[in-house]
Amino acid sequence: MSERASGAKLHWLRLLKAAERLTKTKLSEEIQVHPWRRPLPSEAPPPAKPALARDYEVGLVYPVTDEAIEARAACGLPKIPPTAHLYRDSVYEKRRLLEALGVLKRFQFNGIERRFKY
Amino acid sequence: MEAVIAPLHVEQLNITVTDKILVHDPSKCTGCCQCMIACAYKHFKTFDLEYALLQVHEDPLQPGRFINAHCSHCVHAMCLAACPKEAIYRDENGIVRISPLKCVGCGICSYACPISIPKKHPRLNIYMKCDLCDGDPVCVKMCSAEALKLLPREEAFKIVAELRGGSP
Amino acid sequence: MKRYGYFLGCVMPVKMPWAEKAVMLVAKHLGLHFDYLRGTTCCIRPGVWKPLDYDAWLTLTSYNLALAEEQEVVLVDSCNGCWISHYETLQELRENSEKREMVASYLKGIGKPFPEHVEVRHFLQVLYEDVGLEKIKRKVKRKLNLRATRHIGCHARKLGDDVLPRYFDEILEALGVEIIDTPYDKMCCGLLLFLADPERSVYERVERKLNYAYEQEADFCALICSGCYDQFDRAVRILRKEAEAKGELPKACSVPVVHLAELMALAFGYKPEDFGMQHLRCTPVDRLLAKLQGC
């Protein structure tokens, strides 16, 4: 098995762990540990946060990785797809829309630091 | 938000019920649980399924077939009749609700309901149940397969009777 | 002649470039005026955004519709999630004047036109309704003679089982694929459930589907939706990793998940190398290709 493939495997294992961790902090379970904790003010549910942050960053759910660039070239496709990955103006327009809609404020997402406040 | 539910007066009992109720068709359900996730988010801002006010279960006799347990806002609401603290009431649209201020968390409503729809709040000692999202249920909007529908009561009874194999 | 703008979405360009290439090859082969819809952002994910913020979902989806309006193309989706987002948004904008005004004002704020004349089509609709099954059958150079289970996806059932699911089956059969019916045909892939209950979405959805396909000796599992592929890909990688740690043979990981466009390309006489079929796959397709060459 190639080095790249084993790297991808590790990535997927990390992803599973991350998903388990995110979904383990369920409000129903958390309350047993912190009975008096108030709900956090962000309206973004924790499992969706990584995808929402990436969405703000690249305009789509997944960034184009080196592995994807390599595979796209092997398939006879342009290295960067003609989506918001290539047309960066779309990303800026989307960010303006997100700001105008008040979504960033509701989710307590800091657009400059690219992270959720809570 | 646009309310799609209207009050319907039942003269014999002198009560007001909702004109439409949720109906689930198991033959169309794909078990995606989008209804549960949207419900939990709508009411509690979480994707935690413990908070969903309706439940999708796989049929133990037929794998791959799913059934949905949801509140029907019954004309003869057993939960309402059983509540010792009068915490369960019908609002002006006929939606059967639990008042979180009056509920003492005894759980009798859950025992009285034929399918145990009222469930205990995971954080608080109160019971909670479907409120039809104040007249525009999000679960119906989320169901792409159109297994969950909001239908007038009479039509819903007919469909449920058909699903049961002819017996109403 | 209609000009089509293909909406790539998030998953296809990054995780299934072979399907992207195959779609373009097949569309050209069928004589369609088919190109990319350029500059698209996420569709935007209906399962997440609709409950999170309905107005934001409408507006951000309309952004992609506005791009189609600008580029004067019919928007084509092969991902069911993208299609349902575009289809439902368009329906809502046509029926609800309040939402229409709201979306128009947001789009005006960034200098985009309101999607007044846009048409949204599923790739299956383009194939079955615009091209026609007869033409597809005529283009088939060699029947595939393979057995497969299929996964159509939840959102494709929006128009009823007699529309997109039937188109999918009939096209598969036209390519010479023998469809194996399973009790899990209707069951969801568990994509959104992964955010709420990852274990259930991996073990009670994808694993069961693929295990059944393995037990029925299916050569592959066919699908059309990139969103579903995302979930299959993720789940298979997780299952393989776990199975390898236990030293067991991963059953579910032996059945490759194949996109309809790839099958069409193969049946039309293209070689697997023409669209890079073997690259970046969650399950290798070597056995499938060996069987195909043996036919």
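Values in this document were obtained by computation on a predicted structure and should not be read as measured data. (Residues numbered from 1 in each chain as written. Chains lettered and ligands numbered in written order. Predicted model: local features only at pLDDT ≥ 70, side-chain atom pairs only at ≥ 80, totals over all residues. Heavy atoms only, no water.)

Novice: Please clarify how the overall build of chain C should be interpreted in this entry.
Specialist: Helices and strands together make up the secondary structure of chain C, namely 14 helices and 8 strands. In summary, chain C has a C-alpha radius of gyration of 19 Å against a globular reference of 19 Å for 295 residues, a match within 12%. Principal axes of the C-alpha set define a box for chain C whose edges measure 55 × 45 × 30 Å. Across chain C, the fraction of contacts at a sequence separation of at least 24, relative to all contacts at a separation of at least 6, is 80%. Roughly 10,200 Å² of accessible area belongs to chain C as shown, and the carbon and sulfur atoms make up 45% of that amount. On chain C, the mean spot of the 41 positive side-chain charges and the mean spot of the 42 negative ones are 4 Å from each other. (Helix = DSSP H or I, 4+ residues; strand = E, 2+ residues; numbered from the N terminus. Rg over C-alpha atoms; globule rule 2.2 N^0.38 Å. Contact = heavy atoms within 4.5 Å. Areas by Shrake-Rupley, 256 points an atom, 1.4 Å probe, with all protein chains shown as cover. Lys, Arg positive; Asp, Glu negative; His and termini not counted. Charge placed at Lys NZ, Arg CZ, Asp CG, Glu CD.)

Novice: Looking at this model, I keep getting lost on the packing of helix 7 (residues 123-131) of chain C against helix 9 (residues 164-174) of chain C. Mind explaining?
Specialist: When two helices pack together, their arrangement is given by the angle between the helix axes and the distance between those axes. Residue and element names in this part refer to chain C. With their axes 10 Å apart at the nearest point, helix 7 and helix 9 run at an angle of 65 degrees to one another. Judged by the inter-axis angle, helix 7 sits roughly perpendicular to helix 9. When the axes of helix 7 and helix 9 are compared, the crossing they make is left-handed. Facing Leu124, Gln125, Leu127, Tyr128 and Glu129 of helix 7, the residues of helix 9 in contact are Leu164, Arg166, Tyr167, Phe168, Glu170 and Ile171. (Axes fitted to C-alpha atoms, helices over the stretch in contact; angles between N-to-C directions. Parallel < 35°, antiparallel > 145°, perpendicular 65-115°, else oblique. Left-handed = near helix turned anticlockwise from the far one by under 90°.)

Novice: Please explain the domain arrangement of chain C as it appears in this structure.
Specialist: Accessible area lost when the parts come together is the quantity often used to give the size of an interface. Residue and element names in this part refer to chain C. For chain C, the assigned domains are domain 1 (3-124) and domain 2 (132-294). The gap between the C-alpha centroids of domain 1 and domain 2 is 24 Å. Between domain 1 and domain 2, the contact holds 30 residues from the first and 37 residues from the second. Summed over both partners, the interface of domain 1 with domain 2 buries about 3,000 Å², with 73% contributed by carbon and sulfur atoms. (Domains from an automatic or database assignment. Buried area = accessible area lost by both parts, 1.4 Å probe.)

Novice: What is the right way to look at the interface of chain C and chain A in this model?
Specialist: At the interface, 51 residues of chain C touch 47 residues of chain A. In total, about 4,300 Å² of surface goes out of reach between chain C and chain A, with carbon and sulfur atoms giving 70% of it. Where chain C packs against chain A, one counts 3 salt bridges. Across the pair Asp53 of chain C and Arg106 of chain A runs a salt bridge, and its minimum N-O distance is 2.8 Å. At the junction of chain C and chain A, the tally comes to 13 residue pairs in polar contact (both at pLDDT 80 or more). (Salt bridge = Lys/Arg side-chain N within 4 Å of Asp/Glu carboxyl O. Polar contact = N/O pair within 3.5 Å; in protein donor to acceptor, adjacent residues only side chain to side chain.)

Novice: Is there a simple way to think about the nonpolar core in this case?
Specialist: Nonpolar side chains in soluble globular proteins tend to end up buried together. Judged by nonpolar contacts, the single largest core of 185 residues is most densely connected at Phe34, Trp49, Ile171, Leu175, Leu260 and Met264 of chain C. Sort the elements by how many residues they give to this core and helix 4 (residues 54-71) of chain C lands first, with 10 residues. Excluding residues that lie within four positions of it along the chain, Phe34 of chain C makes contacts with Tyr4, Tyr6, Val23, Met24, Ala27, Val76 and Phe123 of chain C. Ranked by size, the runner-up nonpolar core spans 11 residues in total, among them Ala77, Ala87, Ile98 and Ile126 of chain B. (Core = buried A, V, L, I, M, F, W, Y, C linked by side-chain atoms within 4.5 Å. Buried < 20%, exposed > 50% of the residue type's maximum accessible area, 1.4 Å probe, protein only.)

Novice: Would you mind going over the packing of helix 5 (residues 88-101) of chain A against helix 4 of chain C with me for this structure?
Specialist: Packing of helix 5 of chain A against helix 4 of chain C brings their axes to within 11 Å, and their N-to-C directions diverge by 155 degrees. Of the possible angle classes, the one that applies to helix 5 of chain A and helix 4 of chain C is roughly antiparallel. Classified by chirality, the crossing of helix 4 of chain C by helix 5 of chain A is right-handed. Along the contact surface, helix 5 of chain A presents Ser90, Glu93, Lys94, Leu97, Leu98 and Leu101 of chain A, while helix 4 of chain C presents Asp55, Ala56, Thr59, Leu60 and Tyr63 of chain C. When grouped by side-chain class, the residues that make up the contact of helix 5 of chain A with helix 4 of chain C number 6 nonpolar, 2 polar and 3 charged. (Nonpolar A, V, L, I, M, F, W, Y, C, P; charged D, E, K, R; others polar.)

Novice: I would appreciate a short explanation of the pairing of strand 2 (residues 15-18) of chain B in the present structure.
Specialist: Regular strands have side chains that alternate between both faces of the sheet. Residues and elements named next belong to chain B. Across 4 bridges, strand 1 (residues 7-10) lies against strand 2 in antiparallel orientation. Across the sheet, the residue bridging to Val10 is Ile15, located in strand 2. Linkage of strand 1 to strand 2, two consecutive antiparallel strands, is achieved through a turn of 4 residues, within which Asn14 is found at a positive phi near 55 degrees. (Pairing = 2+ DSSP bridges.)

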